[in-house]
Amino acid sequence: HFELTRQECSEHQHVLLLNDTTEANFGHRAEIEGLGMLNHEKHQGFLLHSSLALDASSDEVLGLAGQPIRHRQRVKREHANRRLKRAARESRLWGDVIDQVGPPPDGVRYTHVCDRGADNFEVLCHFEQQGCDFVVRAAQLTRTVEVAGAKVSLQEALDALERRHCIERHL
């Protein structure tokens, strides 16, 4: 299905890729092999990270362009620096789906649309490597950024920008 969707995307000029994670929750069914822990320790299931492709001009649904699946492993509490270095971090789902979708075909523009879970440098590198545009909801508007040599909050930097283009979508 993913390959057919990506082939369909090559027939469109601009494709939006809506990315988000869903928890598939099987409740307390510990007898199902291969499930992992969800937000509540007694709930079992897996994380399904989907990238839904839409034509940007018509909102036509083209299909799923990618969909990695993960289950959480139980890990003991650890210092934040060690957690960031761990290979199985949940935040890697964002980069995995971007890489699974891959670069846009010639003459096609891909724009990934993500929530604040994708607001980290590693994910931005995946967008760059795949040659894709992106819209990511900022997780922290109070963080400091540098604009024209001055350090300001992200909120101040955004407020100072001129709005160039705006599209409303009602899905």
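Basis of the calculations
- Residues numbered from 1 in each chain as written.
- Predicted model: local features only at pLDDT ≥ 70, side-chain atom pairs only at ≥ 80, totals over all residues.
- Heavy atoms only, no water.
- Phe/Tyr/Trp six-rings, centres within 6.5 Å; stacked < 30°, edge-to-face > 60°.
- Buried < 20%, exposed > 50% of the residue type's maximum accessible area, 1.4 Å probe, protein only.
- Salt bridge = Lys/Arg side-chain N within 4 Å of Asp/Glu carboxyl O.
- Helix = DSSP H or I, 4+ residues; strand = E, 2+ residues; numbered from the N terminus.
- Core = buried A, V, L, I, M, F, W, Y, C linked by side-chain atoms within 4.5 Å.
- Contact = heavy atoms within 4.5 Å.
- Pairing = 2+ DSSP bridges.
- Right-handed = clockwise from strand over helix to strand, strands pointing away.

A.B. asks: It is not clear to me how the packing of aromatic side chains should be interpreted in this structure. Could you clarify?
C.D. replies: Each aromatic ring pair is specified by the distance between its two centres and by the angle formed by the two planes. This structure, assessed with the given rule, holds one aromatic pair. Ring geometry for F127 versus F134: centroids 4.6 Å apart, planes at 10°, classification stacked. Look at F127 and you get buried, because its relative accessible area is 0%.

A.B. asks: It is not clear to me how the pattern of salt bridges should be interpreted in this structure. Could you clarify?
C.D. replies: Pairs can form between side chains of opposite charge once their charged atoms are near each other. Following the criterion strictly, the structure yields four salt bridges and no others. Between R143 and D119 there is a salt bridge, with its nearest N and O atoms 2.7 Å apart. Of this pair, R143 sits in the loop between β7 (133-136) and β8 (144-147) while D119 sits in the loop between β6 (109-114) and α4 (121-130), and the two are 24 residues apart along the sequence. For R143, a relative accessible area of 32% translates into the label partly exposed.

A.B. asks: Mind showing me how you'd approach the nonpolar core here?
C.D. replies: Within soluble globular proteins, side chains that are nonpolar generally end up buried alongside one another. Judged by nonpolar contacts, C9, V15, L17, A53, L62, A65, V101, V108, Y110 and C132 together constitute the single largest core of 10 residues. Setting aside chain neighbours within four positions, we find A53 in contact with T5, C9, V15, L16, L17, E60, V61, L62, G63 and A65.

A.B. asks: Explain the pairing of β6 here, please?
C.D. replies: Regular strands show a simple pattern: their side chains alternate between the two faces of the sheet. Relative to β6, strand β1 (residues 14-25) is paired through five bridges, and the arrangement is parallel. Counted as the bridge partner of H14 is R109 from β6. For β6 and β7, the ladder comprises four bridges, and the chain directions are parallel. Each residue of the ladder has a partner; that of C114, found in β7, is V136. Crossover handedness for the path β6 to α4 to β7: right-handed.

A.B. asks: Explain the environment of E60 to me, please; I cannot follow it from the model alone.
C.D. replies: Within the element layout of this structure, E60 appears in the loop between β3 (44-55) and β4 (61-66). Note on E60: relative accessible area 39%, which makes it partly exposed. With residues up to four places along the chain from it excluded, the contact list for E60 reads E8, H12, A53, L54 and D55.

These results come straight from atomic positions and should not be treated as a statement about function.
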